[in-house]
Amino acid sequence: MPVSCQPIDDDDVDVACERRRVLRGDADNDKLKIDNLTKVYKSRKMGHILAVDRLCLGVRPGECFGLLGVNGAGKTTTFKMLTGDESTTGGEAFINGNRSQSIGYCPQFDALFDDLTAREHLELYTRLRGIPWKDQERVVQWALEKLELSKYADKPAGTYSGGNKRKLSTAIALIGYPSLIFLDEPTTGMDPKARRFLWNLILDIIKTGRSVVLTSHSMEECEALCTRLGIMVNGRFKCLGSIQHLKNRFGDGYMITVRTKSSSNVKEVLRFFNRNFPEAVLKERHHTKIQYQLKSERISLAQVFSKMEQVVEVLGIEDYSVSQTTLDNVFVNFAKKQSDNLDQQEVPPPVPGQSPCSASSTC
Ligand SMILES: Nc1ncnc2c1ncn2[C@@H]1O[C@H](COP(=O)(O)OP(=O)(O)OP(=O)(O)O)[C@@H](O)[C@H]1O
C-alpha cells in the first residue's frame, strides 16, 4: 500500500481537528476546501518524493491563511496543485464549492514578459479573465493605481526592480476581483514601505469577505496579516491555528529578566521564583541579573505582572521585564523537524486509481 494511503495517526490535535472538520463536511461553505491533497513527484535521481501528504484545510470567507514552512516543505507544490499548474496524486480541492473557479495567483517567481509593459500585462490578463472590452481601461487603471504602478505603466517589465515586479504580479492576481487569492511570497524584494503598502492592500481584501492564502518567510508579515496559519514540515501540517494559540502551545513561553539592586538580593529573588513559579526554568544568573523561562500555558501575562509587582520593593528589584515568545521561536522549533534526508520522504508509487486516503482512515 502506498504511504499516502495509510491513515494519519500522529496528527497534532489542532491539525486532526481541522481534518475532521473538512471530512465531515463542515468546511463545505468555506472559500477553499482542501481534502487530503497529496503530491508524489517521481524523480529519476531521487525516486519518489512525497511533497504534499494528505493535506486537509478549510479557508473561511474573510480569512488570510498563512502557509508556512522551511524550503522544501511543500508550500509551492500545494499552490501549484490548487492552481492547476501541477496534477494531484490524490485528494481534491474545492473553491466556493466547485472544483475549478476563478482565483488570483501571484506565483513565487514572477511570470512576466520582459518586453511587455505593466499596462500591456494587465490588458492581457483582463482579456484572459473575460473582462468586457468596455471595462478594460477602467480595470487596468484601477490595478495600476491600486499597486502604485502608474509611474511605470508604459515601461517594459524587464526594466523593473524586483519589488515592482512583485507588485505587477500581485496586480495581475487581483484582476477580475477573484474571491480567493493565492500569494506565494508576495513581498520578496520589496522595500519596507512597499511591503506595508501591500499588507494594507491584503487587509482591505479580506475586509471585503474575500480570502487570501499566503506563504511568507517573514514572521512579521504573518503576524500582521494571518488570521490563522499552519506550519508545514515534510508535506504535512505540524500545527495549525491562530498566532496566539500557536505561541501559547508551542512557544518557549515567557522570558522574565530581573535585575536586583545588589547581588545580596539575588537569593531572595530565586526563593521567590521557586515558591511562586515552581515550573520556571533558570536560564541565566549573572551578578545582579537573573533570567527565567516560564511556560505560558497555565499562567497569563497579567498574572505574571501581578505577582512581580507585589515584590518589586521587598525583594530589592531594580527593574524587570517579561517578554513573550515570538512566532520565530515557534517556527524555528518546527523547522528543526524538516527532514533534509530525502530517503525519509521517499515513497513507493501510488497504485493507479486508488484514493490517497481511504474513508476508513482515522480522519
Ligand atoms: N518538479 C519537481 N520534481 C521533483 N521534486 C520536486 C519538484 N518540485 C518540488 N519538488 C520537491 O518537493 C518538495 C516540496 O517542494 P516545494 O517547492 O513545494 O517546497 P516549498 O515549501 O515551496 O519550498 P520553498 O520555500 O523553497 O519555495 C521538495 O522536496 C522539492 O525538492
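Sequence order as written defines the numbering, with residues in each chain counted from 1. A pLDDT threshold of at least 70 governs which residues receive local features in this predicted model, and a stricter bar of 80 or more applies before side-chain atom pairs are shown or counted, although totals over entire chains, interfaces and linings include all residues. Only hydrogens and water are removed before side-chain values are computed, so all heavy atoms of the structure are retained for them.

### Things to note about the nonpolar core
The line we're drawing: Throughout, nonpolar core names a set of buried Ala, Val, Leu, Ile, Met, Phe, Trp, Tyr and Cys residues whose side chains join them through atoms within 4.5 Å. Partly exposed residues are those whose accessible area sits between 20% and 50% of the maximum for their type, while under 20% is buried and over 50% is exposed, using a 1.4 Å probe and protein chains only. Helix numbering and strand numbering both begin at the N terminus, where a helix is a DSSP run of H or I of at least 4 residues and a strand a DSSP run of E of at least 2. We call two residues in contact whenever any of their non-hydrogen atoms come within 4.5 Å of each other.
Ranked by internal contacts, the top residues of the largest apolar core, which has 49 residues, are L122, L168, V212 and L229. The leading source of residues in this core is helix α6 (residues 192-207), at seven residues. For L168, the residues in contact, after removing those within four places along its chain, are L112, A118, H121, L122, L149, A157 and Y160. Core analysis: the next-biggest nonpolar cluster, separate from the first, contains 25 residues, I34, A51, I103 and Y105 among them.

### Notes on the packing of aromatic side chains
To keep it simple, the criterion reads: For this analysis, a ring pair means two rings from Phe, Tyr or Trp (six-membered ring only for Trp) whose centres lie within 6.5 Å, classed as stacked if their planes differ by under 30 degrees, edge-to-face if by over 60, and tilted for the remaining angles. Either the NZ atom of lysine or the CZ atom of arginine qualifies as a charge over a ring when it sits within 6 Å of the ring centre and within 35 degrees of the ring normal.
In total, this model carries 10 aromatic pairs according to the counting rule given. Seen in terms of ring centroids, F65 and F237 are 6.0 Å apart; in terms of plane orientation they differ by 70°. Their pairing is edge-to-face. Note that F65 is positioned in strand β3 (residues 64-69) and F237 in strand β9 (residues 236-241), a separation of 172 residues in sequence. Relative to Y292, the ring of F273 has its centre 4.1 Å away and its plane inclined at 10°; by these criteria the two rings are stacked. In this pair, F273 sits in helix α9 (residues 266-276) while Y292 sits in strand β12 (residues 289-294), placing the two residues 19 residues apart along the sequence. An aromatic cluster of three or more residues is present, and its members are F272, F273, F277 and Y292. Taking NZ or CZ as reference, K307 lies 5.4 Å from the ring centre of F277, over its face.

### Here we look at the confidence of the model for the chain
Operational definition: Confidence scores per residue from the predictor, reported as pLDDT, run from 0 to 100.
When pLDDT is averaged along the chain, the result is 87, and 90% of the positions lie at 70 or above. For the stretch residues 1-5, pLDDT sits under 50, and the model shows 19 contacts to residues farther than four places along the chain or on other chains. A low-confidence stretch, residues 341-363 stays under pLDDT 50, and its non-local contacts, those more than four residues away or across chains, total 44 contacts.

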